[in-house]
Amino acid sequence: MKTISENTSFQGIQGVYAHTSTSCKCDMTFGLFLPEEAKQGPVPLLWFLSGLTCTHENAMTKAGAQAWAAEHGIAVVFPDTSPRGQDVPDDDAYDLGKGAGFYINATQGPWQTHFQMWDYIADELPALLSENFALDMSRQAICGHSMGGHGALTLAMNLPGRFTSVSAFAPIANPTNSDWGRKQLSAYLGTDEETWGKHDATLLMAENGFDGPILIDQGTNDQFLDLLKPEALAAALAKRRQNGIFRMQPGYDHSYFFISTFMEDHVAFHADALYAD
């Protein structure tokens, strides 16, 4: 692992680091905010998974998470959204290939060699973080936006006991029933739709639910509402009587202006769960 940059931020350190990934078989970059308390010992960790076309940098510079994380003494990691490099396959469309890893392990060509984002987020990056930084990996929470909201919800429900809480901004909520999902799941996983269910938050909620609290914010003016399918996830939450909050925010769209407006709420929500014990 090498340090790309480190900057003082809200009395903590906002770093950017790179390493060679064994999962994705390329160099990967991530951002990590460590609050001042990390100088004294391990601190809880909040994951922020970003959406389509993003890198580690978008949420790190636009979401405003550092101020609220510093207030609660929480670290925040900002992973990249896909493998990168000249040898990594890509597509002319923005919603497939680089920047569009969908937080799954691809099984189909040409994607399967590098697009192993599930293993990277679930296993490889946590191990790297634990080894190199003052983090309490027994206290983790997860959040995401759009494609990253899909990733946060599916990881949380597939890894019971890993995360104390999960939240999402405008998640891709029902990809098996959406053009934003069916295209990518068939490209990465093939046409056997039985393999897709693990990566659909609505189906997972109906089948398993989550063993902690959930917070979801969705803007009413989101230009991608028909692709996100929030109503499907809201119905599954209600039917399961899940411990969760689903908020339709009047006038907000899909942008980081929306995310930054409610970032304080999400960090405080996770802080309550991370410090509950």
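The residue numbers shown here count from 1 along each chain, following its written sequence. Local features in this predicted model are restricted to residues of pLDDT 70 or higher, and side-chain atom pairs are both shown and tallied only at a pLDDT of 80 or more, whereas totals for entire chains, interfaces and linings draw on every residue. Side-chain measures here rest on the full set of heavy atoms in the structure, leaving out hydrogens and waters.

Undergrad: I'd like to hear about the environment of Ala-152, residue by residue, with values.
TA: With respect to the secondary-structure elements, Ala-152 resides in helix α4 (residues 147-158). Exposure is judged per residue with a 1.4 Å probe applied to protein chains only, and the accessible area is read against the type maximum: over 50% gives exposed, under 20% gives buried, and values in between give partly exposed. Take Ala-152: its relative accessible area is 0%, and that puts it in the buried class. Along the chain, Ala-152 and His-56 lie 96 residues apart, while their C-alpha atoms are 15 Å from each other. Here Ala-152 is in contact with Leu-49, Ile-142, Cys-143, Gly-144, Val-166 and Ser-167, once residues within four sequence places are set aside. A helix here means a DSSP run of H or I that spans at least four residues, while a strand means a run of E at least two residues long, and both kinds are numbered starting from the N terminus. The contact criterion used is simple: two residues touch if any of their non-hydrogen atoms lie within 4.5 Å.

Undergrad: Residue-level account of the pattern of salt bridges, with values.
TA: Salt bridges are defined as contacts in which a side-chain nitrogen from Lys or Arg sits within 4 Å of a carboxyl oxygen from Asp or Glu. In the structure shown here, the tally under the stated rule is six salt bridges. The partner of Lys-183 in a salt bridge is Asp-95, and the shortest N-O contact between them spans 2.7 Å. Linking Lys-183 in helix α5 (residues 179-189) with Asp-95 in the loop between β5 (75-79) and α3 (117-132), this pair joins segments that are 88 residues apart in sequence. Judged by its relative accessible area of 8%, Asp-95 is buried. The residue Arg-247 makes a salt bridge to Asp-217 at a minimum N-O spacing of 2.7 Å. On the criterion of sequence distance, the pair formed by Arg-247 in strand β9 (residues 244-249) and Asp-217 in strand β8 (residues 214-219) is long-range, its members being 30 residues apart. Here Arg-247 falls in the partly exposed class, since its relative accessible area comes to 25%. Relative accessible area serves as the criterion here: at 0%, Asp-217 is assigned to the buried category.

Undergrad: Any details on the side chain of Ser-167? Residues and values, ideally.
TA: Take Ser-167: it is sitting in strand β7 (residues 166-169). Judged by relative accessible area, Ser-167 falls into the buried class, the value being 0%. Distance and chemistry together define a polar contact, namely a pair of N or O atoms within 3.5 Å, with one atom able to donate a hydrogen and the other to accept it when in protein, and with adjacent residues in sequence counting only for side-chain atoms on both sides. Among the polar contacts listed, one links the side chain of Ser-167 to the side chain of His-270, at a separation of 2.8 Å.

Undergrad: Could you give an account of the sheet that holds β9, naming the residues involved and the relevant values?
TA: Between any two strands, pairing holds if DSSP finds at least two bridges. In spatial order, the strands read β1-β2-β3-β5-β4-β6-β7-β8-β9; together these nine strands make up an open sheet with mixed pairing. Either end of the sheet is taken by a strand with one partner, and the two such strands are β1 (2-9) and β9. For this sheet, the mean inter-axis angle between neighbouring strands, taken without regard to orientation, is 20°. Where β7 and β8 come together, four bridges link them in parallel fashion. Bridging from a neighbouring strand, Phe-169 pairs with Asp-217 of β8. An axis is simply a line fitted to the C-alpha atoms; with a helix, the fit covers only the stretch in contact. Between two such axes, the angle follows the N-to-C directions and lies from 0 to 180 degrees. Running at roughly 175° to β7, helix α9 (residues 256-274) makes contact with β4 (43-49), β6 (135-145), β7, β8 and β9 of the sheet.

Undergrad: Lay out the packing of aromatic side chains with the relevant residues and their values.
TA: Any aromatic ring pair is given by two values, namely how distant the centres are and how the planes are angled relative to each other. Here is the rule: rings of Phe, Tyr and Trp (six-membered ring for Trp) pair when centre to centre is within 6.5 Å. Planes less than 30 degrees apart are stacked, more than 60 are edge-to-face, and the remainder are tilted. Under the counting rule described, the total for this entry stands at twelve aromatic pairs. An angle of 35° between the planes, with centres 5.6 Å apart, marks the rings of Tyr-17 and Phe-30 as tilted. Here the residue Tyr-17 occupies a position in strand β2 (residues 12-21), and Phe-30 occupies one in strand β3 (residues 26-34), the gap between them amounting to 13 residues. The exposure classification of Tyr-17 matches that of Phe-30, with both residues buried. Their ring planes at 25° and their centres at 5.6 Å tell us that Phe-115 and Tyr-188 sit as a pair that is stacked. Placement of the pair is Phe-115 in the loop between β5 and α3 and Tyr-188 in helix α5, with a sequence separation of 73 residues. We note that Phe-115, like Tyr-188, is buried. An aromatic cluster of at least three residues, connected via ring pairs, comprises Phe-169, Tyr-252, Phe-258 and Phe-262. Over the aromatic face of Trp-118 sits the side chain of Lys-198, whose NZ or CZ is 4.6 Å from the ring centroid. Remark: a charge is flagged as sitting over a ring if the NZ atom of Lys or the CZ atom of Arg is within 6 Å of the ring centre and within 35 degrees of the ring normal.

Undergrad: Describe in detail the nonpolar core, supporting the description with residues and values.
TA: Only buried residues count toward a nonpolar core, which is a set of Ala, Val, Leu, Ile, Met, Phe, Trp, Tyr and Cys residues joined through side-chain atoms within 4.5 Å. Of all hydrophobic cores here, the largest spans 89 residues; its most connected members are Phe-30, Leu-32, Trp-47, Phe-48, Leu-129 and Tyr-188. The contacts of Leu-129, once residues within four sequence positions are left out, are Phe-30, Leu-32, Leu-45, Trp-47, Val-77 and Leu-135.

Function cannot be inferred from these measures alone, as they are strictly geometric.
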